[in-house]
Amino acid sequence: YHQLPAAYYLSSLFYDDFESAVLHAVNGGGQNQVRAILTGTLTGAQVGMSGIPERFLEGLEKADELQSLAETLASQVVSSRL
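Computed from a predicted model, the values in this text were never measured in an experiment.

Novice: Just checking my understanding: could you explain the overall build of the protein chain for this structure?
Specialist: Within the protein chain one finds 5 helices and 0 strands. Ordered by position from the N terminus, the helices and strands of the protein chain form the series α-α-α-α-α. When each of the 82 residues of the protein chain is scored for burial, the buried share is 23%. About 6,000 Å² of surface is accessible on the protein chain, with carbon and sulfur atoms providing 57% of the total.

As structure tokens, then:
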């Protein structure tokens, strides 16, 4: 239950640096997997696909499908704001 505040903190501290945010989350010890997932999600939403290092995406299982889902969701968000 302390992971969400930590993820918010890291995501705001490294708002434009996905790699640093996730690495700090992983290296923090404790419930690092949960913290890294939450931090990666929040920071990824801030930096977009172009802000995520390619090496983090290479070899990802079902990468094309996941990228397509992310693009669909992003377009829906943009459409709803108009």
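Right, picking up where we left off after that structure.
Novice: Sorry, what's going on with the packing of aromatic side chains here?
Specialist: How two aromatic rings sit relative to each other is set out by the distance from centre to centre and by the angle between their planes. Applying the stated criterion to the full structure yields 1 aromatic pair. On the basis of an interplanar angle of 70° and a centroid distance of 5.7 Å, the ring pair of F18 and F56 is categorised as edge-to-face. Of this pair, F18 sits in helix α2 (residues 18-26) while F56 sits in helix α4 (residues 54-57); the two residues are 38 residues apart in sequence, bridging distant segments of the chain. Owing to a relative accessible area of 8%, F18 belongs among the buried residues under this scheme. In this structure F56 comes out as partly exposed when scored by relative accessible area, which is 29%.

About the cut-offs
- Residues numbered from 1 in each chain as written.
- Predicted model: local features only at pLDDT ≥ 70, side-chain atom pairs only at ≥ 80, totals over all residues.
- Heavy atoms only, no water.
- Helix = DSSP H or I, 4+ residues; strand = E, 2+ residues; numbered from the N terminus.
- Buried < 20%, exposed > 50% of the residue type's maximum accessible area, 1.4 Å probe, protein only.
- Areas by Shrake-Rupley, 256 points an atom, 1.4 Å probe, with all protein chains shown as cover.
- Phe/Tyr/Trp six-rings, centres within 6.5 Å; stacked < 30°, edge-to-face > 60°.

Shape is all these values report; function is a separate question.
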